[in-house]
Amino acid sequence: MKTDAPKLSRPAQVAEAIKDFIVREGLQPGDRLPSEPELIERFAMAKGTIREALRLLDAQGLVKSRTGPGGGTFVHEVSQERAEALLANYFYFKDLTISDIYQIRRVLEPELVADLAGSLSPRVLTELREILALYEEPAQTDEEERDQHVATLRFHKRLADQSANPLLSFLIGFMLTILTDITVYRELYTPINHDLWAKGRDYQRRLLDALEAGDSGAARAIMTAHMQTAGPMMEGQEAFSLKRFITD
C-alpha cells in the first residue's frame, strides 16, 4: 500500500510558489523580488510565513537579501560549489565506493573528451600541461603522493569545466569532488603506487595530444582505457585502506 508523500509546511509551500513565480516571470540572478507587502498580498499569507519561506530559499542559495538603501530580496544564482556541497549532504551516509564512482566515470568522461577534441583553447591546454607537470616525477612521501592524486583529479576537473553541456560538466565535476574527498579522508594515496602514477600520467599525456590534434576517436579511446585501468587500481588502494582500518 502506497503512503502519501509528507505534506509540505506552509512556508515550504510558499517557497515553492515563489520559485514558480521566478521561473514564470523569467527573473534572472540579480533581479529584485516583489517587496514583502507585495508577497503577502500575492500569496495571501502572514508576514511570518513569507519571511520563513524567504529564509528557506536563502538557505538553498536561490535568493539573497540586502538591507539599507537599494536593499530587498534578490534572485541569486547558486554556485557550483554550493550545489555540490548541498548534494554531498545527500550522499554523506550512502557509503559510496570507488567502484560506484568509476562505474559512472567510465561512461561519462570518454564522451566528454570526445566532445572537447579540437575545441580547447591554447590557454586551457597550457593549464592542463602545467597541472601535468606537478607530477612529473613519482612521489617519494605520502604527502607528495596525496598532492599528486589531488592534482590528477584537478586535471580531469579542468576538462569537465570546458564542457558546453552544463549538466555533463556538473555531474563529472561533482564526482571528482567526491572522489577527491574520499581519496584524502580515506587515505587512498597510501601506499605509494608508482605503477598507478606512471600509467595515469601516460594516459593523460596521450590524451592531451589527441585533444590538441582534434582526434575525438583517439581521445575517447584513451580516456576509456584510462578509466578501465585506474578503476581497479584505485579499488586496490581502497581495499588496502579498509584492511588497514580494520587491523588498526
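Here is what the cut-offs are and how they apply
- Residues numbered from 1 in each chain as written.
- Predicted model: local features only at pLDDT ≥ 70, side-chain atom pairs only at ≥ 80, totals over all residues.
- Heavy atoms only, no water.
- Domains from an automatic or database assignment.
- Pairing = 2+ DSSP bridges.
- Helix = DSSP H or I, 4+ residues; strand = E, 2+ residues; numbered from the N terminus.
- Salt bridge = Lys/Arg side-chain N within 4 Å of Asp/Glu carboxyl O.
- Core = buried A, V, L, I, M, F, W, Y, C linked by side-chain atoms within 4.5 Å.
- Buried < 20%, exposed > 50% of the residue type's maximum accessible area, 1.4 Å probe, protein only.
- Contact = heavy atoms within 4.5 Å.
- Phe/Tyr/Trp six-rings, centres within 6.5 Å; stacked < 30°, edge-to-face > 60°.
- Lys NZ or Arg CZ within 6 Å of the ring centre and 35° of its normal.

- Per an unreviewed UniProt entry, the protein chain goes by the name FCD domain-containing protein and belongs to Maritimibacter harenae.

1. As for the domain arrangement of the protein chain
Alright, step 1. Each domain of the protein chain was delimited in the assignment, giving domain 1 (10–75) and domain 2 (81–243).
Alright, step 2. Domain 1 and domain 2 are separated by 39 Å when their C-alpha centres are compared.

2. Let's talk about the pairing of strand S1 (residues 63–66)
Alright, step 1. Relative to strand S2 (residues 72–75), S1 is paired through four bridges, and the arrangement is antiparallel. Across the sheet, residue Arg66 finds its bridge partner in S2, namely Gly72.
Alright, step 2. Here S1 hands over to S2 after five residues, with Gly68 in that stretch at a positive phi of 85°.

3. Section: the pattern of salt bridges
Alright, step 1. Inspection of the entire model under this criterion finds 18 salt bridges.
Alright, step 2. Here Arg123 ties to Glu127 by a salt bridge, and the two come within 2.8 Å at their closest N and O atoms. Taken together, the positions of Arg123 and Glu127, both in helix H6 (residues 122–133) and four residues apart, correspond to about one turn of that helix.
Alright, step 3. Connected through shared salt-bridge partners, Arg123, Glu127, Lys157, Arg158 and Asp161 make up one network.

4. Describing the nonpolar core
Alright, step 1. Ranked by internal contacts, the top residues of the largest apolar core, which has 44 residues, are Leu120, Phe155, Leu159, Ile172, Leu207 and Leu211.
Alright, step 2. Of all the secondary-structure elements, those providing two or more residues to this core are helix H5 (98–116), H6, helix H7 (142–161), helix H8 (166–185), helix H9 (194–213) and helix H10 (216–247).
Alright, step 3. Here Ile172 is in contact with Leu108, Glu109, Leu112 and Ala160, once residues within four sequence places are set aside.
Alright, step 4. Residues Val14, Ile18, Leu54 and Val63 belong to the second largest nonpolar core, which totals 14 residues.

5. So, the packing of aromatic side chains
Alright, step 1. This structure, assessed with the given rule, holds three aromatic pairs.
Alright, step 2. Arranged with centres 5.0 Å apart and planes meeting at 85°, the rings of Tyr90 and Phe91 form a pair that is edge-to-face.
Alright, step 3. Judged by its relative accessible area of 51%, Tyr90 falls in the exposed class.
Alright, step 4. Classification of Phe91 by relative accessible area gives partly exposed; the value is 27%.
Alright, step 5. Summarising the aromatic geometry, the rings of Phe91 and Phe174 are spaced 5.9 Å apart at their centres and angled 45° between planes, so their arrangement reads as tilted. Highlighted residues: Phe91 in helix H4 (residues 80–91) and Phe174 in helix H8, separated in sequence by 83 residues.
Alright, step 6. Look at Phe174 and you get buried, because its relative accessible area is 8%.
Alright, step 7. Clustering of aromatic rings is evident, with ring pairs tying together Tyr90, Phe91, Phe170 and Phe174.
Alright, step 8. The lysine or arginine in question, Arg66, covers the ring of Phe74, its NZ or CZ lying 4.0 Å from the ring centre.

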